[in-house]
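Per-entry structural report
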Amino acid sequence: MVTLIKGQKVDLTKAHPGLKQLKIGLGWDVSQTAASIDLDAVALLVDAEGKIVGKENIVFYNNLTGGGNAVQLTKDDRTGAGAGDDEQITVDLEKVPAGIRRIVVAISIYEGAAKKQDFGQVSNAYVRIEDNQNKKQVCRYDLGKEFSKDLTLLAGEVYLHNGEWKFSAIGQSVSGDLGELCRQFHLELPADALAKTMQPVKTGAASPKPASINLKKVELKKAGDKINLNKTDSPLGEIVVNLNWTQKTAGGFLSSILNASNSVDLDLGCLFELEDGSKGVVQALGNTFGNLKQLPYIALDHDDRTGTSKGGENLRINGDQLMKFKRILVYAFIYEGAANWAEVDGVVTLKQKNGPDVEVRLDEHRKGKRMCAIALVENEKNQTLSVKKVVEYFSGHREMDKAFKWGMTWSTGSK
């Protein structure tokens, strides 16, 4: 039995020949003061484009089977009391429809928003997989305690790669309910149909109004949070890293950029290291805007000096050249103006072709530091790219370079 940590992957069918049926057990404990919390296991059947095609591919308390009975929810525990699994999902790998490439496993708090409950009242959450025929445990992932304000946890996923099934320990929080989780996987249903599908129907339970749903994004909330971009049989395509910023207003991070102050010039850039060992920088400073079609296969589209550009600044990464990349450090720095990040309302969004947007906010401010390392993008065994939130502040390029051991030589530049 393999014990996993966040971000780790393990072979299922390759390492266990003859494995055909999985039992996915999920468990948790709740505090005595929060005995009314009801957590639910969820399985989402996702196609090669990262989409849930139809409500029948959502397995939860309102729909106990999916994928032509290939995936079934077999146990619903409303208290979390006692030892062992609280809920279980079975997967018959031989019955999984040909178009399904991923079975995403999540845990959601039933009526969490209405009852003002969150995962801060939950402990010892885990997901484990066993061979449902011989009852031998294959792997286990303990989710930790870093999700205190969240309503839904993306625990892990069983996915098909090169004809073999694998499991990935994700441990990613979702800001919202089950409906929002489905939106992030592009569930193609009208909003009213989605709300009806997700409407609670448990016996004796009140039915609150459906919560509002944010569109198709995953936010990396804490430093160290990491997520892999979606893997498909086709190339990754163009990946866009967008920086939007403005002088802080009452609207918060997602307020209109039309109110930006002209006193600050916030720039987007990146350090890159390629598999052949070559290193460099893409940024407006020094006019090193890069190139998307040839080395380094990264390009900065323009320099927004005021924060008034509706499109912000964009780094474009040629995902079709995945095997050329080793790592990319995305950063922003204040070129002009006071180095007060609390007054610069910045958010970086990575947009991928076949998956949800990945959002990182420039929070945890450090006044007086002009440089912010935002996210580290790394090659994951030439299969996809991972994105990890950093948001660490430095006095300049040299200090940041040293912290991440890039080993480049720096000189003063200008626009």
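That block above? That's the structure.
To keep things clear, this report deals only with the structure shown in the data block. (Residues numbered from 1 in each chain as written. Predicted model: local features only at pLDDT ≥ 70, side-chain atom pairs only at ≥ 80, totals over all residues. Heavy atoms only, no water.)

1. Concerning the nonpolar core
Ile89 and Phe167 are the most contacted members of the largest nonpolar core, which totals 42 residues. Considering every element that reaches this core, the biggest residue donor is strand 9 (residues 100-109), with five residues. Ignoring anything within four residues of it in the chain, the contact list for Phe167 reads Leu4, Gln8, Lys9, Val10, Leu12, Val127, Ile129, Cys139, Gly156, Glu157, Val158 and Tyr159. Ile239, Cys270, Ala284 and Val387 belong to the second largest nonpolar core, which has 41 residues in total. (Core = buried A, V, L, I, M, F, W, Y, C linked by side-chain atoms within 4.5 Å. Buried < 20%, exposed > 50% of the residue type's maximum accessible area, 1.4 Å probe, protein only. Helix = DSSP H or I, 4+ residues; strand = E, 2+ residues; numbered from the N terminus. Contact = heavy atoms within 4.5 Å.)

2. Describing the pairing of strand 12 (residues 152-161)
In regular strands, side chains alternate between the two faces of the sheet. With nine of its 10 residues buried, strand 12 lies for the most part within the structure. Of the pairings in the sheet, the one linking strand 9 to strand 12 comprises seven bridges and is antiparallel in character. Note that in strand 12 the partner of Val105 across the bridge is Gly156. Here strand 12 pairs with strand 13 (residues 164-174) via nine bridges, running antiparallel. Bridge pairing links His161 to Glu164 in strand 13. What sits between the antiparallel neighbours strand 12 and strand 13 is a turn of two residues, in which Asn162 has the positive phi angle 55°. (Pairing = 2+ DSSP bridges.)

3. Considerations on the packing of aromatic side chains
Taken as a whole and judged by the stated rule, the model has two aromatic pairs. When the ring of Tyr331 is compared with that of Phe333, the centres are 6.1 Å apart and the planes differ by 40°; the resulting orientation is tilted. The two residues Tyr331 and Phe333 agree in class, both being buried. Note on Phe394 and Phe404: the rings are 6.1 Å apart at their centroids and 70° apart in plane angle, and the pair reads as edge-to-face. Taken together, the residues span a long stretch of sequence, with Phe394 in strand 26 (residues 384-394) and Phe404 in the segment after helix 4 (397-403) at a distance of 10 residues. Judged on exposure class, the residue Phe394 and its partner Phe404 are both buried. Sitting over the face of the ring of Tyr126, Arg140 holds its NZ or CZ atom 4.0 Å from the ring centroid. (Phe/Tyr/Trp six-rings, centres within 6.5 Å; stacked < 30°, edge-to-face > 60°. Lys NZ or Arg CZ within 6 Å of the ring centre and 35° of its normal.)

4. A few points about the sheet that holds strand 9
Ordered in space as 2-13-12-9-4-5, the six strands form an open sheet in which the pairing is antiparallel. Strands with a single pairing partner mark the edges of an open sheet, and in this sheet they are strand 2 (9-11) and strand 5 (58-59). Here two bridges tie strand 4 (residues 39-47) to strand 5, and the two strands are oriented antiparallel to one another. Counted as the bridge partner of Ala43 is Val59 from strand 5.

5. Overview of the environment of Leu376
Among the secondary structure elements, Leu376 is positioned in strand 25 (residues 371-380). Of the residues examined, Leu376 reaches a relative accessible area of 8% and is grouped as buried. Considered as a pair, Leu376 and Leu271 are 105 residues apart in the sequence and their alpha carbons are 9.6 Å apart. Setting aside anything within four residues of it in sequence, one finds Leu376 in contact with Arg327, Ile328, Leu329, Ser386, Val387, Lys388, Val390 and Trp406.

6. Observations regarding the pattern of salt bridges
As enumerated under the stated definition, the model contains 16 salt bridges in all. In this structure, Lys23 and Glu130 form a salt bridge, with 3.8 Å as the shortest nitrogen-oxygen distance. Here Glu130 lies in strand 10 (residues 122-131) and Lys23 lies in strand 3 (residues 21-30), a separation of 107 residues in the sequence. The same class applies to Lys23 as to Glu130, namely buried. In this structure, Arg102 and Glu157 form a salt bridge, with 2.9 Å as the shortest nitrogen-oxygen distance. Residue Arg102 is located in strand 9, and its partner Glu157 is located in strand 12; the two are separated by 55 residues in the primary sequence. (Salt bridge = Lys/Arg side-chain N within 4 Å of Asp/Glu carboxyl O.)

7. A look at the pairing of strand 8 (residues 87-92)
Counting buried positions over the six residues of strand 8 gives six, a clear majority of the element. Side chains Glu87, Ile89 and Val91 of strand 8 all project onto a buried face; the interleaved residues Gln88, Thr90 and Asp92 project onto the opposite face, where all are buried too. Pairing between strand 3 and strand 8: six bridges, direction antiparallel. If you follow Gln21 over to strand 8, its bridge partner there is Asp92.

8. Remarks on the side chain of Glu130
Looking at Glu130, the relative accessible area reads 8%, which means it is buried. The residues touching Glu130, leaving out its near neighbours within four places in the chain, are Gln21, Leu22, Lys23, Lys135, Lys136, Gln137 and Val138.

9. Things to note about unusual backbone geometry
Note the cis peptide between Leu295 and Pro296, where omega equals 10°. The topology assignment puts Pro296 in the loop between strand 19 (290-291) and strand 20 (298-300). Positioned with a positive phi, Asn124 is a non-glycine residue whose angle comes to about 60°. Using a relative accessible area of 45% as the deciding quantity, one classes Asn124 as partly exposed. Look at Tyr297: it is not a glycine, yet its phi comes out positive at around 65°. Tracing the sequence through the fold places Tyr297 in the loop between strand 19 and strand 20.

Limitation: the analysis is restricted to geometry and does not speak to function.
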